[in-house]
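# Breakdown of the fold
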Amino acid sequence: FNGDFVDRGKHQLEVLGILFALKVAFPEHVWLVRGNHEERQINEKYGFKSACLSQLGKQLGAKAFDYFEDAFAQLPIACVVAGRVLCVHGGIGDGRR
């Protein structure tokens, strides 16, 4: 899965839960590549933080958002598929770093 798992509609928490569950269940067959929407500032701007707060409540939502951001920071920015195809998302962050 090549990035932008969140900020894409009203079921973003459910989608993220399914993706993380698939990664845990099939760690050698599921790859989650980090995209520009797996970055704190983008998530705050485009709605993922709001979704966490509205669906999980202010306290739990804020904690969950921080935990998701910690997990996103551990995702690779690229992967190799079938030993021969390099898969990289189009961008990370705002390009100023």
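Structure shown above.
This write-up is about the structure you can find in this document. It should be emphasised that the depicted structure is a prediction, and the values quoted were computed from it without experimental measurement.

Another aspect to go through is the pattern of salt bridges. Taken as a whole and judged by the stated rule, the model has two salt bridges. Ionic pairing is found between Arg-40 and Asp-66, a salt bridge with its closest N-O pair at 3.1 Å. Residue Arg-40 is located in helix α2 (residues 40–46), and its partner Asp-66 is located in helix α4 (residues 58–74); the two are separated by 26 residues in the primary sequence. For the salt bridge of Lys-49 with Glu-44, the shortest nitrogen-to-oxygen distance reads 3.9 Å. A relative accessible area of 29% places Lys-49 in the partly exposed class.

Pairing geometry for strand β1 (residues 78–81) and strand β2 (residues 85–88), over four bridges, is antiparallel. Considered in β2, the bridge of Val-80 is made with Leu-86. Counted along the chain from β1 to the antiparallel partner β2, the turn is three residues long, and its residue Ala-82 has a positive phi close to 55°.

Moving on, we get to the packing of aromatic side chains. Summed over all chains, the structure comprises five aromatic pairs. Look at Phe-48 and Phe-65: their rings are 6.0 Å apart centre to centre, the planes differ by 45°, and that puts the pair in the tilted class. Residue Phe-48 is found in helix α3 (residues 48–56), and its partner Phe-65 is found in helix α4; the two are separated by 17 residues along the sequence. Accessibility classification places Phe-48 together with Phe-65 in one group, the buried group. It is Lys-23 that lies over the ring of Trp-31; its NZ or CZ is 4.1 Å from the centre.

Rules of the game
- Residues numbered from 1 in each chain as written.
- Predicted model: local features only at pLDDT ≥ 70, side-chain atom pairs only at ≥ 80, totals over all residues.
- Heavy atoms only, no water.
- Salt bridge = Lys/Arg side-chain N within 4 Å of Asp/Glu carboxyl O.
- Helix = DSSP H or I, 4+ residues; strand = E, 2+ residues; numbered from the N terminus.
- Buried < 20%, exposed > 50% of the residue type's maximum accessible area, 1.4 Å probe, protein only.
- Pairing = 2+ DSSP bridges.
- Phe/Tyr/Trp six-rings, centres within 6.5 Å; stacked < 30°, edge-to-face > 60°.
- Lys NZ or Arg CZ within 6 Å of the ring centre and 35° of its normal.

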